[in-house]
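Below, each chain spelled out in residue letters.
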Amino acid sequence: MRARVSFIVLACVACRQAPRAPRADAGASPAACASTLASYDALVVAGGACSVDADCECFQGGVSTKSACGGVTDRATATKLEALRAEYEHASCDALSCAASLCRPVCVGERCTNGEDAPPRAK
């Protein structure tokens, strides 16, 4: 029982830790990783406007804890995010591991969202 309590306490402490700084592996510049990460985060926040479902596209994550395993945004932003994700990976920056997930891009209230998470639409 004591081991179980210790594990729970350790798990809770780990949840409260601040996100770690981008780590660059051998040959990668920590400054370059941080710069790519900042650009990625800014694009995630700025993107996502839409008029119809076709304006939206899923994007792959693994770069930032702010959008850890990807999400949905507008097509132009998704293309830019993919380029930054590839750059981040190519530079051997510290990427996040993500499990497979369902993504169905839809436009709701002029914002791209995952239809798997969105409330049902009125017909």
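Before going into details, it helps to say that this report is about the structure given with it. (Residues numbered from 1 in each chain as written. Predicted model: local features only at pLDDT ≥ 70, side-chain atom pairs only at ≥ 80, totals over all residues. Heavy atoms only, no water.)

1. Things to note about the overall build of the chain
The number of helices and strands found in the chain is three helices and four strands. Written out in order from the N terminus, the α and β elements of the chain read α-α-β-β-α-β-β. Sorting the 123 residues of the chain into buried and exposed places 27% on the buried side. Expressed as a percentage of contacts within the chain between residues at least 6 apart in sequence, the contacts between residues at least 24 apart total 56%. Accessible area for the chain stands at about 8,300 Å²; split by element, carbon and sulfur atoms hold 58% of it. (Helix = DSSP H or I, 4+ residues; strand = E, 2+ residues; numbered from the N terminus. Buried < 20%, exposed > 50% of the residue type's maximum accessible area, 1.4 Å probe, protein only. Contact = heavy atoms within 4.5 Å. Areas by Shrake-Rupley, 256 points an atom, 1.4 Å probe, with all protein chains shown as cover.)

2. Quick word on the state of the cysteines
Evaluated as defined, the whole model comprises five disulfides. At a sulfur-sulfur separation of 1.9 Å, the disulfide partner of C58 is C103. Around the S-S axis, the bridge from C58 to C103 shows a dihedral of about -100° and counts as left-handed. Taken together, the residues span a long stretch of sequence, with C58 in strand β1 (residues 56-59) and C103 in the loop between α3 (75-90) and β3 (105-108) at a distance of 45 residues. (Disulfide = S-S within 2.5 Å.)

3. A word on the pattern of salt bridges
By the definition in use, this model includes five salt bridges. A salt bridge links K66 to D41, with the shortest nitrogen-to-oxygen separation between them at 3.9 Å. Residue K66 is found in the loop between β1 and β2 (71-74), and its partner D41 is found in helix α2 (residues 30-46); the two are separated by 25 residues along the sequence. On the basis of relative accessible area, D41 is assigned to the buried category, the value being 13%. Here E89 ties to R85 by a salt bridge, and the two come within 2.7 Å at their closest N and O atoms. With E89 and R85 both in helix α3 and four residues apart, this pair spans about one turn of that helix. Overlapping salt bridges bring together E82, R85 and E89 as one network. (Salt bridge = Lys/Arg side-chain N within 4 Å of Asp/Glu carboxyl O.)

4. Observations concerning the packing of α2 against α3
The N-to-C vectors of α2 and α3 enclose an angle of 160°; their axes lie 10 Å apart at closest approach. Relative to α3, the element α2 lies roughly antiparallel. Crossing angle aside, the handedness with which α2 passes α3 is left-handed. Between α2 and α3, the residues in contact are C33, T36, L37, S39, Y40, L43 and V44 and T77, K80, L81, L84, R85, E87 and Y88, respectively. Of the residues belonging to the contact of α2 with α3, the class tally is eight nonpolar, three polar and three charged. (Axes fitted to C-alpha atoms, helices over the stretch in contact; angles between N-to-C directions. Parallel < 35°, antiparallel > 145°, perpendicular 65-115°, else oblique. Left-handed = near helix turned anticlockwise from the far one by under 90°. Nonpolar A, V, L, I, M, F, W, Y, C, P; charged D, E, K, R; others polar.)

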